[in-house]
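As a plain string of letters, each chain reads:
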Amino acid sequence: MLPETPSTPSAADCLDSDPGRLLARLISVDSVNPDVVPGGAGEAAIADLCGEWLAERGFEVHRLEKRTGRPSLVAIARGTGGGRSLMLNGHLDTVSLADYAREFMGPFAGSPMVVLGRVGIRLHGR
């Protein structure tokens, strides 16, 4: 089972490279899309966490925020040769937990649901 993590990670926590703990930390940050759920937290906190994590690993990080509370990140890992480039794209917002039973999902409380399955351990968050 993965250790519990705080809902608002500190900059020092961002140094952790363990994939399971990093995923648990990402899931624990409330990033509900305010365009879908009025009053949703938005992506500011998750952008802060991701930006700090990437910067600590040598990425050049640019924060774009056309709308307050709805930032996007562009992170660049500069190469040393003239080879091809790779671009990864994702999103920072999540959906609301309003339709989920509280006893099964508690990611914002720092305890994402861990499921033991046939293939191994799966960590779920919305």
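Scroll up to find the structure this text is about.
Residues numbered from 1 in each chain as written. Predicted model: local features only at pLDDT ≥ 70, side-chain atom pairs only at ≥ 80, totals over all residues. Heavy atoms only, no water.

Undergrad: Quick one: what's the story with the layout of surface pockets, residue by residue and with numbers?
TA: As a volume, the largest pocket reaches approximately 1,300 Å³. Ranked by the residues each element gives to the lining of the largest pocket, the list is headed by strand 2 (residues 72-76), at five residues. A breakdown of the residues in the lining of the largest pocket according to their chemical character gives 22 nonpolar, 11 polar and four charged. (1 Å grid on protein atoms, 1.4 Å probe; cavity = no way out; pocket = protein on both sides within 12 Å on 5 of 7 lines; lining within 4 Å. Points joined across faces, edges and corners; volume = space filled by probe spheres on them. Helix = DSSP H or I, 4+ residues; strand = E, 2+ residues; numbered from the N terminus. Nonpolar A, V, L, I, M, F, W, Y, C, P; charged D, E, K, R; others polar.)

Undergrad: Tell me what's going on with the environment of Ser 28, and back it up with residues and numbers.
TA: On the secondary structure map, Ser 28 appears in helix 1 (residues 19-28). With a relative accessible area of 1%, Ser 28 lands in the buried category. Looking at Ser 28, its side chain comes within polar contact range of the main-chain oxygen of Arg 25, at 2.7 Å. (Buried < 20%, exposed > 50% of the residue type's maximum accessible area, 1.4 Å probe, protein only. Polar contact = N/O pair within 3.5 Å; in protein donor to acceptor, adjacent residues only side chain to side chain.)

Undergrad: I'd like to hear about helix 1, residue by residue, with values.
TA: Among the residues of helix 1, Leu 22, Ala 24, Arg 25, Ile 27 and Ser 28 are the ones counted as buried. If you check the start of helix 1, you find a side-chain oxygen 2.8 Å away from the backbone N of Arg 21, and it comes from Asp 18.

Undergrad: I'd like a rundown of the pattern of salt bridges, residues and numbers included.
TA: What the rule picks out here adds up to six salt bridges. Residues Arg 63 and Asp 48 are paired through a salt bridge, measuring 2.5 Å at the closest nitrogen-oxygen approach. One end of the pair, Arg 63, is in strand 1 (residues 60-64); the other, Asp 48, is in helix 2 (residues 44-56), with 15 residues separating them in the sequence. Under the relative-accessibility criterion, Arg 63 is labelled partly exposed at 37%. Among the salt bridges present, the one from Glu 65 reaches Arg 63, with a minimum N-O distance of 3.3 Å. Overall, Glu 65 belongs to the partly exposed group, its relative accessible area being 36%. Here the salt bridges share partners, and the residues they tie into one network are Asp 35, Glu 43, Arg 67 and Arg 70. (Salt bridge = Lys/Arg side-chain N within 4 Å of Asp/Glu carboxyl O.)

Undergrad: Just give me the short version of helix 2, but keep the residues and values in it.
TA: Helix length check: helix 2, at 13 residues, gives a terminal C-alpha distance of 18 Å against a target of 18 Å (1.5 Å per residue), a fit within 8%. Taken together, the buried positions of helix 2 are occupied by Ile 46, Ala 47, Leu 49, Cys 50, Gly 51 and Leu 54. Each element contacted by the buried residues of helix 2 is listed here: helix 1, strand 1 and strand 2. A positive phi of about 90° marks Gly 58, the residue just after helix 2. (Expected span 1.5 Å × (residues − 1). Contact = heavy atoms within 4.5 Å.)

That is the geometry; function is a separate question.
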